[in-house]
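Descriptive analysis of the structure
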Amino acid sequence: MFVQRRAHLGAAAIVMACLTAGAANGAPARGRVELGAAADKAQVTIGCLYPMTGRAAIYGRDSVAGIRLALSDLAAEGGYPRIRVIVDDDRSKASFAVRLAEDYIAQDKAKFLCGMVSSGVAQAVSKVAMKHRVVMIGTDHASSRLTIEGLHPYYFRVSNDSYTSMAAGARYLAQIQAKTKWKRVAFIGPDYDYGHVSWSDFRSSLDSLGVSYEAVGTFWPKLYEPDYSTYIQALQKSEPDIVVTALWGGDFVAFLNQARTTDFFENIRLANFDTGGNYEVMLALGNTPPPKGLILSARHHNNWPDTEQNRRFVNAFHAMEGRYPTYAAEGAYSGIMAAAKAVVKAGGTKDPDALVRALENLELKLPEDPEGFSSFIDPDTHQIVQAQAVGEVVPDTSFPPAKVMLGKWTVFRAEDLRPPPELVRSRRAKAAEAVEMSE
Amino acid sequence: MRLRSSIVRKYLLISLLGSVAPMIAVGALYDRYAGALLEQITGERLTAQLTATASRITAFLDVRSYQIETLSNYPALPVFARTGYDPGGEIGSLLRIEADVPDLYGILLFDQGPKPIRIVAGQAASGAPYWSNLALDLSGKPVTRAGDTEVIGPVPPSEDQSGYLLMRQAMRPSPSGASQGSIALHVRLASITELMGGPSLAGIIQPVLKTPVGFFDSVGKPVVPGRKLAAGPEVLPGWQPMLVIDPDQLISPFVAARQGLFVTGALVAIVTFVLFTRLSGKLRDRITPLVKGAEAVAAGNLDYRITETGDDEISGLAKTFNAMSGRLRENVDRTMKVERLAALGEFATGVAHEIRNPLATIKTSVQALGRGEADSERKDILRDVESEIDRLARVMEDVLAFGRPHPPQRSAVPVDELFRRVFVLMNRAAEERQLTLMPADSRAAVLNVDRDQIIQVMMNLVINSIQACQAGGHITLRARLDGADSAVIEVEDDGSGIAPDILGKVTDPFFTTKSRGTGLGLAISRQLVELNGGELHIAPKATQGTLVILQLPTWKEQ
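Residues numbered from 1 in each chain as written. Chains lettered and ligands numbered in written order. Predicted model: local features only at pLDDT ≥ 70, side-chain atom pairs only at ≥ 80, totals over all residues. Heavy atoms only, no water.

**Concerning the overall build of chain B**
- Counting its secondary structure elements, chain B contains eleven helices and 18 strands.
- Projected onto the principal axes, the alpha-carbon positions of chain B cover approximately 200 × 45 × 45 Å.
- When burial is assessed residue by residue, chain B has 40% of its 558 residues classed as buried.
- When the accessible surface of chain B is totalled, it reaches about 29500 Å², and 57% of it is carbon and sulfur.
- Where the 58 positive side-chain charges of chain B centre and where its 61 negative ones centre are 3 Å apart. (Helix = DSSP H or I, 4+ residues; strand = E, 2+ residues; numbered from the N terminus. Buried < 20%, exposed > 50% of the residue type's maximum accessible area, 1.4 Å probe, protein only. Areas by Shrake-Rupley, 256 points an atom, 1.4 Å probe, with all protein chains shown as cover. Lys, Arg positive; Asp, Glu negative; His and termini not counted. Charge placed at Lys NZ, Arg CZ, Asp CG, Glu CD.)

Spelled out as structure tokens, the structure:
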């Protein structure tokens, strides 16, 4: 049993002093980063997978910084085991990630797997976790299929999933329908599991709210699509009032930049409830947001909630990295905090089922929690339950070099964004009928 | 004035032609260039575009064919498919890496049946058959053969699944030659259709992919193409990139512009017609009085005058017409007067000749009778007869002078000398009537006239003034130069004056208001002045009296 001791986050110098990064097991693999305790000193090893190259590399870099902040906070707080975190580049490929995850477990003796930005990668790694009975803590992928149809005992997620975001988005659109009279909605998402599940979750929430709408088109560009012009033309041709998108990261920025060169925004509002409010999008918007505005949210915001903990997290990140974080940082931070607390609660890492029990119902006070609320993990879905704020783009230079940030917030309570138990049962029942044939 | 034959009608027709003809010409040009544009767009460039698109799709299919060919020939694959035997995870890793591209939903392994027995999720995997209860059902799907590869599908997108196709090859057969099942790539249909690119030329040209199950647009959605299609080379049997040309969309702006042009033309024609109709009506109203005036003048009514309104050309024409009528009246009156006077003069001369000689005989006889008459009363009667004969002789002299005036003998006549002579001759008569005759100083003027004739004129005028004035009246003679060539002489009195209604007639021969006048004094005076190249005017005076103005030529040294 480890002794818990509370302490405040120290200055940046202390933060850096607490962090170590180095190689383990001889020469490091290319892209591999080790943080926290050295291999021979560590009591707990966590193997994380993030894209460190390509269009999604910013998520990997910010996640590493988030992990450092978590390790710093844990060290400052005291009472936690010595944690070693290994981060490697999954290159957004399931094949890479599965191989790396297998190596984490077999060679690095990792007791936790964490991270993963792409839901497709996470699906594959989740199966590895299940096979080896190793707890996997998702920090950045969002397909609700992982916590509903595809859930197994060892899978947990500590960032908002597609269901949570789309539930918030559906409620937001329902609220503005009386004012804006929108009716026609089109959807564009990446052609992989996350995109399709997001659309399904969005419709499910709209239907459950009794919103009257007409789905005028669904469009599925591939992940990391370089040119969205064909899709933008097709979207405009379907004449929607609102386009909801699940494009994320560089894909969303590319889409946004291309759409802004057309008359897309003259008659269409664009909503991205899961990732669109990310800081990198604020940067990409410059100081000329689309005329009719965007409806955006993300899994963490630098300027919401306006709490001491969130300000401290964002400022510590800035002090360490010299820039402001994307939401990936807080996801990774949450994952390490959850793992550490679970180890303490379970009294060690020997019994993975004890870790599972410790994570179920685990409460975490995270930077994205508004005053008076703490995130907690739903024991039925292993999905963290959190509030979500949806906002519009407003001029704001508080987080340079961004010229705009989200504002005019509409906040949705965490309890309202959970999938109803009957929906979870229904989806799982349907999935149970499927013949498991996957390799 | 009838519109049919009016000049307004001609202007109307020209204006209509001028406004409508260019529009018809522009409309024709629109048609011509629209047709040429369509021809240019649907010409060679489309063929090149389609060929390039077909090349891209073929290259994509070649890569996938090579991939499936590599996998299907992998030696340990049939055993893995059948039993799952994979020592060291070698085949699992191979399949995962091969599946890990955005263009693949996954890799499927089949035995002899239609449903997959093993599946490997690819990067784009979603829904069936990876994470859904909906199994992949290939029954009824079209199969296209391309060498050793079967292309199954495409399967159009549904609510829960994107469109896809399978590229399947038989796995390496067993040593005995028995079939060991097959392996298929689960390919994104949109990865093929995206290669066609988006609509071009503002949506006029839409690329579509023709497949055995129908047409798909660039984002992989089923479409029903328009009527005009340009076909590219086949990439597989039954698979063909095509371009849908929407001529309506291309032509519609031209058609709309042409229709707009024609509507504008029709409106211009209508407005022109209405304007010209109204204009012609107004013009008719203005010209009709001119025509009536001309007809009236032609009929001899020289006193007809047109009402002048406005300040435009027609008003100017009316003024000119009225001026012309007035001058015509004056000329006719003058000619008639001259002819009348000539006839009168000839008649008077003839009569005077016939009367003057007998009158001399009668006078001699009466004198002879008077000399022999003792009775004083009868002697007085004879003297009266003789006196009347003398008066009659003077009348005859006047008639002769009027009817046969002497040509003027011009010489330099200083006006002051003229005035002096008249004063000497007439002052006595004026004084007898207690009148004042005042010749003004006028040394400057020298007239070029017949001295005696002008003295006679002056005396006639002074005599008229003496007769018109009451005792104490004044008669003034004035002279002044009037320009370089003439001088003006005025004879003014403050007598009884001339009534305005007879002012124009007092110079007519035989017109007189005196009981014993002959009515020839002023007529002769005017005649003599005109013979000397001058003019005589009698001007009405605002106050009492008469002003006679003579305008006479001045003497110029040769």
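Having seen the model, we can carry on.
**Looking at the pairing of strand β3 (residues 83-89) of chain A**
Residues and elements named next belong to chain A.
- Summarising burial for β3: seven of the seven residues are buried, a large majority.
- Residues Ile83, Val85, Val87 and Asp89 of β3 are buried on one face, and the alternating residues Arg84, Ile86 and Asp88, pointing to the opposite face, are buried as well.
- Note: strand β1 (residues 33-36) against β3, four bridges, orientation antiparallel. Paired with glycine 36 across the bridge in β3 is arginine 84.
- As defined by bridge partners, strand β2 (residues 44-50) adjoins β3 across seven bridges and the pair is classed as parallel. What sits directly across from isoleucine 46, in β3, is valine 85. (Pairing = 2+ DSSP bridges.)

**A closer look at a nonpolar patch on the surface**
- A cluster of nonpolar residues, B:Ile270, B:Phe273 and B:Val274, forms a patch on the protein surface that exposes about 280 Å² of accessible area.
- Along the polypeptide, B:Val274 turns up in helix α6 (residues 247-298). (Patch = residues over 30% accessible without salt bridge, like charges linked within 9 Å, V, L, I, M, F, W, Y side chains within 5 Å. Salt bridge = Lys/Arg side-chain N within 4 Å of Asp/Glu carboxyl O.)

**Quick notes on the pattern of salt bridges**
- Counted by the stated rule, this structure contains 44 salt bridges over all chains.
- Between B:Arg451 and B:Glu417 there is a salt bridge, with its nearest N and O atoms 2.0 Å apart. On the criterion of sequence distance, the pair formed by B:Arg451 in helix α10 (residues 451-468) and B:Glu417 in helix α9 (residues 415-432) is long-range, its members being 34 residues apart.
- The partly exposed category is assigned to B:Glu417, whose relative accessible area is 27%.
- Here the residues in one salt-bridge network are A:Arg32, A:Glu34, A:Arg84 and A:Asp108, joined through shared partners.

**Focus on the interface of chain A and chain B**
- Taken together, the contact pairs 34 residues of chain A with 38 residues of chain B.
- Between chain A and chain B, roughly 3000 Å² of surface is buried when both sides are summed, and carbon and sulfur atoms account for 47% of that area.
- Joining chain A to chain B, the criterion identifies three salt bridges.
- Between A:Lys222 and B:Asp103 there is a salt bridge, with its nearest N and O atoms 3.1 Å apart. (Contact = heavy atoms within 4.5 Å. Buried area = accessible area lost by both parts, 1.4 Å probe.)

**Considering the pairing of strand β6 (residues 182-188) of chain B**
All names here are of chain B.
- Among the seven residues in β6, seven count as buried, and that is most of the element.
- In β6, alternate side chains face the same way, and those of Ser182, Ala184, His186 and Arg188 on one face and Ile183, Leu185 and Val187 on the other are all buried.
- In the sheet, strand β1 (residues 104-110) pairs with β6 via six bridges, with the strands oriented antiparallel. In the sheet register, leucine 108 faces β6, and the bridge partner there is alanine 184.
- Relative to β6, strand β5 (residues 164-170) is paired through seven bridges, and the arrangement is antiparallel.

**Let's talk about the domain arrangement of chain A**
Residues and elements named next belong to chain A.
- As assigned here, chain A comprises domain 1 (12-160 + 304-385) and domain 2 (163-299 + 388-422).
- On a C-alpha basis, the centroid separation for the pair domain 1 and domain 2 is 27 Å.
- It is Arg55, Trp304 and Tyr327 in domain 1 that bury the most area against domain 2; as a group they hold 28% of the surface buried on that side.
- Counting every contact that joins domain 1 to domain 2 gives four salt bridges.
- A salt bridge links arginine 418 to aspartate 378; the nearest nitrogen and oxygen atoms lie 2.9 Å apart.
- In this structure, the connection of domain 1 to domain 2 is made through 14 residue pairs in polar contact (both at pLDDT 80 or more).
- Examining the composition of the side of domain 1 that touches domain 2, we find that three residues originate from one element, helix α4 (residues 119-132), more than from any other. (Domains from an automatic or database assignment. Polar contact = N/O pair within 3.5 Å; in protein donor to acceptor, adjacent residues only side chain to side chain.)

**Quick word on the packing of aromatic side chains**
- Applying the stated criterion across every chain yields a total of 16 aromatic pairs over all chains.
- Ring plane angle 75° and centroid distance 5.0 Å describe the contact between A:Phe264 and A:Phe265, whose orientation is recorded as edge-to-face. Here A:Phe264 and A:Phe265 have matching classes, each one buried.
- Ring pairing ties together the aromatic residues A:Phe187, A:Trp199, A:Phe202, A:Trp220 and A:Phe273, which thus form one cluster.
- Looking at B:Arg64, its charged tip hangs above the ring of B:Phe60, at a distance of 5.3 Å from the centre. (Phe/Tyr/Trp six-rings, centres within 6.5 Å; stacked < 30°, edge-to-face > 60°. Lys NZ or Arg CZ within 6 Å of the ring centre and 35° of its normal.)

**Overview of the confidence of the model for chain B**
- Chain-level statistics for chain B give a pLDDT mean of 85 and a share of 95% at 70 or above.
- Taking the mean pLDDT of every element in chain B, the minimum, 76, falls on helix α1 (residues 7-41) of chain B and the maximum, 96, on helix α5 (residues 189-193) of chain B. (pLDDT = per-residue confidence, 0-100.)

**Quick word on the sheet that holds strand β12 (residues 363-364) of chain A**
Residue and element names in this part refer to chain A.
- A sheet is described by the order of its strands in space; here three strands give the open sequence β12-β13-β14, paired in antiparallel fashion. Every interior strand has two partners, whereas the edge strands, β12 and β14 (384-385), have only one.
- Bridge analysis of β12 against strand β13 (residues 375-377) gives two bridges, and the strand direction is antiparallel. Looking at the pairing, glutamate 363 lines up with phenylalanine 376 of β13.

**Describing the sheet that holds strand β11 (residues 294-296) of chain A**
All names here are of chain A.
- Taken together, the seven strands give an open sheet; going across it, the order is β8-β7-β9-β10-β11-β15-β16, and neighbouring strands pair in mixed fashion. The outermost strands of the open sheet, each flanked by one partner alone, are β8 (214-219) and β16 (404-412). Each neighbouring strand pair of the sheet contributes to a mean axis angle of 25°, computed without reference to strand direction.
- For strand β9 (residues 242-245) and strand β10 (residues 269-272), the ladder comprises three bridges, and the chain directions are parallel. Paired with isoleucine 242 across the strands is arginine 269, a residue of β10.
- Against the sheet, helix α8 (residues 249-260) makes contact with β7 (184-188), β9, β10 and β11, and its axis sits at roughly 175° relative to β10, the strand it touches most. (Axes fitted to C-alpha atoms, helices over the stretch in contact; angles between N-to-C directions.)

**Notes on the packing of helix α5 (residues 162-180) of chain A against helix α6 (residues 193-209) of chain A**
Residues and elements named next belong to chain A.
- Interhelical geometry of α5 versus α6 gives an angle of 45° and a closest axis separation of 8 Å. In terms of orientation, α5 and α6 fall into the oblique class. Note on packing geometry: the crossing formed by α5 with α6 is right-handed. When α5 is examined against α6, the residues Ser162, Tyr163, Met166, Ala167, Gly169, Ala170, Arg171, Leu173 and Ala174 are found in contact with a partner set consisting of Tyr194, Val197, Ser198, Asp201, Phe202, Ser204, Ser205, Leu206 and Leu209.
- Here the contact of α5 with α6 is composed, by residue class, of eleven nonpolar, five polar and two charged. (Parallel < 35°, antiparallel > 145°, perpendicular 65-115°, else oblique. Left-handed = near helix turned anticlockwise from the far one by under 90°. Nonpolar A, V, L, I, M, F, W, Y, C, P; charged D, E, K, R; others polar.)

**Comments concerning the domain arrangement of chain B**
- The assigned domain composition of chain B is domain 1 (7-37 + 249-293), domain 2 (42-63 + 100-245), domain 3 (313-401) and domain 4 (407-553).
- Summarising the inter-unit geometry, the C-alpha centres of domain 1 of chain B and domain 2 of chain B are found 59 Å apart.

**Thoughts on the environment of A:Gly138**
All names here are of chain A.
- Residue position: glycine 138 is located in strand β5 (residues 135-138).
- C-alpha of glycine 138 to C-alpha of valine 117: the two residues are 21 residues apart in sequence and 8.4 Å apart in space.
- Those residues in contact with glycine 138 that sit more than four places away from it in its chain are Gly115, Tyr155, Phe156, Arg157, Val158 and Ser159.

**Observations regarding α8(A)**
Residues and elements named next belong to chain A.
- If you check α8, its first and last C-alpha atoms are 17 Å apart, about what twelve residues at 1.5 Å a residue would give, namely 16 Å.
- Burial within α8 is extensive, with nine of its twelve residues counted as buried.
- Considered for burial, the residues of α8 that qualify are Gly249, Gly250, Asp251, Phe252, Val253, Ala254, Phe255, Leu256 and Ala259. (Expected span 1.5 Å × (residues − 1).)

**Examining α9(B)**
Residue and element names in this part refer to chain B.
- For α9, which comprises 18 residues, the first-to-last C-alpha distance of 25 Å matches the rise-based estimate of 26 Å (1.5 Å per residue) to within 8%.
- Remark: the principal bend of α9, roughly 45°, maps to methionine 426.
- Buried within α9 we find Val415, Leu418, Phe419, Val422, Met426, Asn427 and Ala430.
- Where α9 is buried, its residues meet β12 (410-414), β13 (436-439), β14 (446-450), α10, β15 (474-482) and β16 (486-493).
- Residue glutamine 434 follows α9 closely and has a positive phi angle near 55°. (Bend = angle between axes of the 7 residues up to and from the residue.)

**Side note on the state of the cysteines**
All names here are of chain A.
- In total, this model carries one disulfide over all chains according to the counting rule given.
- Two residues share a disulfide in this structure: cysteine 48 and cysteine 114, whose sulfurs sit 1.8 Å from each other. Between cysteine 48 and cysteine 114, the S-S dihedral sits near 100°, and the bridge is therefore right-handed. You can see cysteine 48 sitting in strand β2 and its partner cysteine 114 sitting in strand β4 (residues 112-115), a full 66 residues away along the chain. With respect to burial, cysteine 48 and cysteine 114 carry one shared label: buried. (Disulfide = S-S within 2.5 Å.)

**Structural notes on the environment of B:Gln467**
All names here are of chain B.
- When you line up the elements, glutamine 467 lands in helix α10.
- A residue is classified by how much of its surface remains accessible, and glutamine 467, at 41% relative accessible area, is partly exposed.
- A C-alpha to C-alpha distance of 8.7 Å links glutamine 467 and arginine 433, two positions 34 residues apart in sequence.

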